[in-house]
Amino acid sequence: MTTDLPADVMVPFAVHVDFQSGALTPDPVILRRSHADLAGYFVNESDAPGEDEMYAVHEIRVPATNNNLLSSTTVLQPGTVGGEYFMTKGHFHATRDRAEIYLTLSGQGLLVMALEDGTTQTKEMRPGIVNYVPGHWAHRSVNTGDVPLVFYAVYIGDAGYDYATIADQGFPVIVVEGEDGPEVVPNPRYTGR
Ligand SMILES: O=P(O)(O)OC[C@H]1O[C@H](O)[C@H](O)[C@@H](O)[C@@H]1O
Ligand SMILES: [Fe+2]
């Protein structure tokens, strides 16, 4: 038997996830995003309500290395800004080829994804659905329901975040409230390819 363990081998641990609220126990690190943090992300922001929380990310902290899996719950509130449903900022991974998995725990929404050439894909998010986001796809979650959208995400530890590309160019599509429900339409402000 070999005993050449690395010096930094981690100790196993467990965390409880509340599927309704997204709360993790024991308390993780929580990042909160308000409407103000998303200023400039919606096409028409005249009715954007300031400092109210739009979403919270509860992170299970492990070292952000390529031999670890980072994971978090995201709790995205329901609502609209200028007819666009509340959404996350959305990002590419800084290390572009890193993949991610989402498991929706409660609520309903859409996961919009885009390649840098402007190709898009949209998938439904509802309890029990696992969404696989391959490397190179920017990803943004959109709450199209009237209760919080709660999902658990797992991704390779050294994925990193590139927010700037989406912040600068916008997403190729936006999700708006239509007469018969959510509609995925071209973003008139998209400046990518
Ligand atoms: O970071 P955003 O694009 O605002 O999305 C919010 C969060 O959604 C998921 O939980 C991802 O796994 C997180 O890494 C991300 O932070
Ligand atoms: Fe990600």
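Summary of the structure given here. (Residues numbered from 1 in each chain as written. Chains lettered and ligands numbered in written order. Predicted model: local features only at pLDDT ≥ 70, side-chain atom pairs only at ≥ 80, totals over all residues. Heavy atoms only, no water.)

Right, let's get into the packing of aromatic side chains. What characterises a pair of aromatic rings is the spacing of the ring centres plus the angle enclosed by the ring planes. Taken as a whole and judged by the stated rule, the model has three aromatic pairs. Pairing Tyr102 with Phe151 gives two aromatic rings, centres 4.5 Å apart and planes at 25°, and the pair type is stacked. Taken together, the positions of Tyr102 in strand S8 (residues 100–106) and Phe151 in strand S13 (residues 149–156) put the pair 49 residues apart, joining distant regions of the chain. Assigned by exposure class, Tyr102 and Phe151 land together as buried. For the pair Tyr155 and Tyr161, a centre-to-centre distance of 6.3 Å together with 70° between the ring planes defines the contact as edge-to-face. On the basis of relative accessibility, which here comes to 38%, the residue Tyr161 falls in the partly exposed class. Here the guanidinium or amino end of Lys89 rests over the ring plane of Tyr163, the centre of that ring lying 5.4 Å away. (Phe/Tyr/Trp six-rings, centres within 6.5 Å; stacked < 30°, edge-to-face > 60°. Helix = DSSP H or I, 4+ residues; strand = E, 2+ residues; numbered from the N terminus. Buried < 20%, exposed > 50% of the residue type's maximum accessible area, 1.4 Å probe, protein only. Lys NZ or Arg CZ within 6 Å of the ring centre and 35° of its normal.)

Lining the immediate surroundings of ligand 1 are 15 residues, of which Tyr55, Thr74, Glu100, Tyr161 and Tyr163 lie closest. For ligand 1, an oxygen atom lies 3.5 Å from a polar atom in the side chain of Tyr155. With the chains in place, 98% of the 370 Å² that ligand 1 exposes on its own is no longer accessible. Mapped onto the shell around ligand 1, the elements with two or more residues apiece are strand S4 (53–60), strand S5 (69–76), S8 and S13. Examining the composition of the shell around ligand 1, we find that three residues originate from one element, S13, more than from any other. Of the residues belonging to the shell around ligand 1, the class tally is eight nonpolar, five polar and two charged. (Near = heavy atom within 4 Å. Polar contact = N/O pair within 3.5 Å; in protein donor to acceptor, adjacent residues only side chain to side chain. Areas by Shrake-Rupley, 256 points an atom, 1.4 Å probe, with all protein chains shown as cover. Nonpolar A, V, L, I, M, F, W, Y, C, P; charged D, E, K, R; others polar.)

It is worth spelling out the pattern of salt bridges at this point. A complete count under the given rule lists seven salt bridges for this structure. Notably, a salt bridge pairs Arg32 with Glu53, separated by 3.0 Å at the nearest N-O pair. With a gap of 21 residues between them, Arg32 in strand S3 (residues 29–34) and Glu53 in strand S4 connect regions that are remote in the sequence. Close ionic contact of Glu124 with Arg126 constitutes a salt bridge, the shortest N to O distance being 2.9 Å. Among the residues examined, Glu124 registers a relative accessible area of 43% and is labelled partly exposed. Here Arg126 falls in the partly exposed class, since its relative accessible area comes to 39%. (Salt bridge = Lys/Arg side-chain N within 4 Å of Asp/Glu carboxyl O.)

Let's shift gears to the sheet that holds S8. If you walk across this open sheet you meet the six strands as S3-S4-S5-S13-S8-S11, and the pairing is antiparallel. Both outer strands of the open sheet, S3 and strand S11 (130–133), are each paired with one neighbouring strand and no more. Strand after strand, the sheet turns through a mean of 20° between neighbouring axes, direction not considered. Summarising the sheet, S4 and S5 pair through six bridges and their orientation is antiparallel. When the bridges of S5 are listed, Ala56 appears paired with Val75. (Pairing = 2+ DSSP bridges. Axes fitted to C-alpha atoms, helices over the stretch in contact; angles between N-to-C directions.)

Distances from the iron ion (ligand 2) to its protein donors, His91 (NE2), His93 (NE2), Glu100 (OE) and His139 (NE2), fall at 2.1 to 2.3 Å. Of note is the iron ion (ligand 2), whose four donor atoms meet at the metal with angles of 82 to 164° in an arrangement that counts as irregular. Taken in chain order, the donor set of the iron ion (ligand 2) reads H-x1-H-x6-E-x38-H. Of this pair, Glu100 sits in strand S8 while His139 sits in strand S12 (residues 138–143); the two residues are 39 residues apart in sequence, bridging distant segments of the chain. We classify His139 as buried; its relative accessible area is 2%. (Donors = N, O, S within 2.8 Å, 3.2 Å for Na, K, Ca; no water. Tetrahedral: all angles 85-135°; square planar, octahedral: opposite > 155°, others 65-115°.)

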